[in-house]
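# Overview (structure and organization)
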Number of protein chains: 2
Amino acid sequence: MRDDVDDRSLMFMALKEAQEAAVKGEVPVGAVIVMGDLILSGHNRVIMDADPTAHAEVVVLRQASRVTGNYRLLDACLYVTLEPCIMCVGAIIHARIRRLVYGAADPRYGAVESLLKGFELGLNHRPEVVSGLFEDDAARLLKTFFQERR
Amino acid sequence: MRDDVDDRSLMFMALKEAQEAAVKGEVPVGAVIVMGDLILSGHNRVIMDADPTAHAEVVVLRQASRVTGNYRLLDACLYVTLEPCIMCVGAIIHARIRRLVYGAADPRYGAVESLLKGFELGLNHRPEVVSGLFEDDAARLLKTFFQERR
């Protein structure tokens, strides 16, 4: 129960980050990483940073690695509003994230359950995965963003 | 023929970068990116940068995006000594790399032809791929590195 309450509040923080991305004209995806007492949040910044790798997940993974001084984020939990793509699944494995919680599935690019089951390829690490948390809110943000840009 | 000469000299530059990585205690993988007159090279820096995403490919993709101010590296050619992993295959797709040339195959983690055919998943971009250039040199660097660390 306590776990669930925490998951919800942390995913809510990731949703706020996704909204922030939309305001800046970036595809609205947000992420939060938790490691012990450390909580860091961020959002997609591909355009503003001119960085093809600056998806929300990578942004917070990098931030946490910089803060802790270690590329292995042992015992970390990552919250992201959208199912990670293959790049982010790879980054999550490299960082040894213990637990991944995501919101909406991504039928076209999702590499956890949709396009590909990226954690079942026999790679050297596999996080615990929870999906569907606030999925409607996460999907609505994306839908509205793309409708407004058409 | 001219193409081949260029490919060889650029991959040779990537191999020099891989050697440089080994000297610094990083897994020896090097990369070069070419876009018009721009040529940038780099190597794996995961440990020294405390960045789980700092594979050689990502390092040069980011550098080129920063220099050009655009996350889409249209018409770019990427040279890397080792077959890219799923994270790097994703990054190559996001950056819209036109042509990928790599050296040694990576039986355990390679996501172009080995573990997975990452460019054949129906994602929104697919580079031209050439493999096997200086593969023995690239593989030998890795083998020696891991033997010395054992």
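Structure: see above.
For chain A, the count of helices and strands is four helices and five strands. Secondary structure elements of chain A occur, N-terminal to C-terminal, as α-β-β-α-β-α-β-β-α. Taking 2.2 N^0.38 as the reference for a compact globule, 150 residues should give roughly 15 Å; the C-alpha atoms of chain A span a radius of gyration of 14 Å, in line with that estimate. Projected onto the principal axes, the alpha-carbon positions of chain A cover approximately 40 × 35 × 30 Å. Per-residue burial over chain A gives 55% buried out of 150 residues. Of all intrachain contacts in chain A linking residues separated by at least 6 positions in sequence, the fraction that spans at least 24 positions is 55%.

What follows deals with the side chain of H43 of chain B. Residues and elements named next belong to chain B. Note on placement: H43 falls in strand β2 (residues 38–43). Since its relative accessible area comes to 4%, H43 is described here as buried. A distance of 3.1 Å separates the side chain of H43 from the side chain of K24, its partner in a polar contact. The contacts of H43, once residues within four sequence positions are left out, are E17, E20, A21, K24, V29, G30, M48, A54, A56 and V59.

What follows is about the layout of surface pockets. Looking at the largest pocket, its volume works out to about 1000 Å³. Lining the largest pocket are 38 residues, and of these V27, H55, D106, Y109 and F146 of chain A sit closest to its centre. Mapped onto the lining of the largest pocket, the elements with two or more residues apiece are α2 (56–68), α3 (86–94) and α4 (135–149) of chain A together with α3 (86–94) of chain B. Per element, the largest residue contribution to the lining of the largest pocket is seven residues, and it comes from α4 of chain A.

Overall, the coordinates contain one cavity of 30 Å³ or more when judged by the stated rule. Empty space within the largest cavity amounts to approximately 60 Å³. What lines the largest cavity is G90, I93, H94 and L123 of chain A together with C85, I86, M87 and Y109 of chain B. Per-element tally for the lining of the largest cavity: the top contributor is α3 of chain A, with three residues. Partitioning the lining of the largest cavity into residue classes produces six nonpolar, two polar and no charged.

This paragraph deals with the relation of the copies chain B and chain A. Between the two copies of the chain lies a rotation about an axis combined with a shift along it. For the match of chain B to chain A, the screw axis carries a shift of 0.0 Å, the RMSD comes to 0.0 Å, and the turn is 180°. Between the two chains, the operation in question is that of a two-fold axis. Among all C-alpha atoms of chain B, that of M87 of chain B lies closest to the rotation axis, at 1.8 Å. The share of interface residues of chain B whose copies in chain A are also at the interface is 100%, consistent with both copies meeting through the same surface.

As enumerated under the stated definition, the model contains 20 salt bridges over all chains in all. In this structure, the salt-bridge partner of R99 of chain A is D7 of chain A, at a minimum N-O distance of 2.7 Å. Remark: D7 of chain A occurs in helix α1 (residues 2–23) and R99 of chain A occurs in strand β4 (residues 99–104); sequence separation between them is 92 residues. With respect to burial, R99 of chain A and D7 of chain A carry one shared label: buried. Of the charged contacts, one joins D51 of chain B and R62 of chain A as a salt bridge, the two residues approaching to 3.7 Å between their closest N and O atoms. Of this pair, D51 of chain B sits in the loop between β2 and α2 (56–68) while R62 of chain A sits in helix α2, each in a different chain.

Let's shift gears to the packing of aromatic side chains. All names here are of chain A. According to the stated counting rule, one finds four aromatic pairs over all chains in the structure shown. Ring geometry for F145 against F146: centres 5.3 Å apart, planes inclined by 80°, an arrangement best described as edge-to-face. Overall, the relative accessible area of 40% leaves F146 in the partly exposed class.

All names here are of chain A. In this fold, E83 is placed in the loop between β3 (77–82) and α3. Here E83 is buried and forms no salt bridge, its nearest opposite-charge partner K117 lying at an N-O distance of 7.7 Å. In terms of polar contacts, E83 uses its side chain to reach the backbone amide nitrogen of D106, at 2.8 Å. Within polar-contact distance, the side chain of E83 engages the side chain of S114 at 2.6 Å. In this structure E83 touches Y102, A104, A105, D106, G110, A111, V112, E113 and S114, once residues within four positions along its chain are discounted.

Conventions and cut-offs
- Residues numbered from 1 in each chain as written.
- Chains lettered and ligands numbered in written order.
- Predicted model: local features only at pLDDT ≥ 70, side-chain atom pairs only at ≥ 80, totals over all residues.
- Heavy atoms only, no water.
- Helix = DSSP H or I, 4+ residues; strand = E, 2+ residues; numbered from the N terminus.
- Rg over C-alpha atoms; globule rule 2.2 N^0.38 Å.
- Buried < 20%, exposed > 50% of the residue type's maximum accessible area, 1.4 Å probe, protein only.
- Contact = heavy atoms within 4.5 Å.
- Polar contact = N/O pair within 3.5 Å; in protein donor to acceptor, adjacent residues only side chain to side chain.
- 1 Å grid on protein atoms, 1.4 Å probe; cavity = no way out; pocket = protein on both sides within 12 Å on 5 of 7 lines; lining within 4 Å.
- Points joined across faces, edges and corners; volume = space filled by probe spheres on them.
- Nonpolar A, V, L, I, M, F, W, Y, C, P; charged D, E, K, R; others polar.
- Least-squares fit on C-alpha atoms with pLDDT ≥ 70 in both.
- Salt bridge = Lys/Arg side-chain N within 4 Å of Asp/Glu carboxyl O.
- Phe/Tyr/Trp six-rings, centres within 6.5 Å; stacked < 30°, edge-to-face > 60°.
- Lys, Arg positive; Asp, Glu negative; His and termini not counted.

Any functional reading would require information that these geometric values do not contain.
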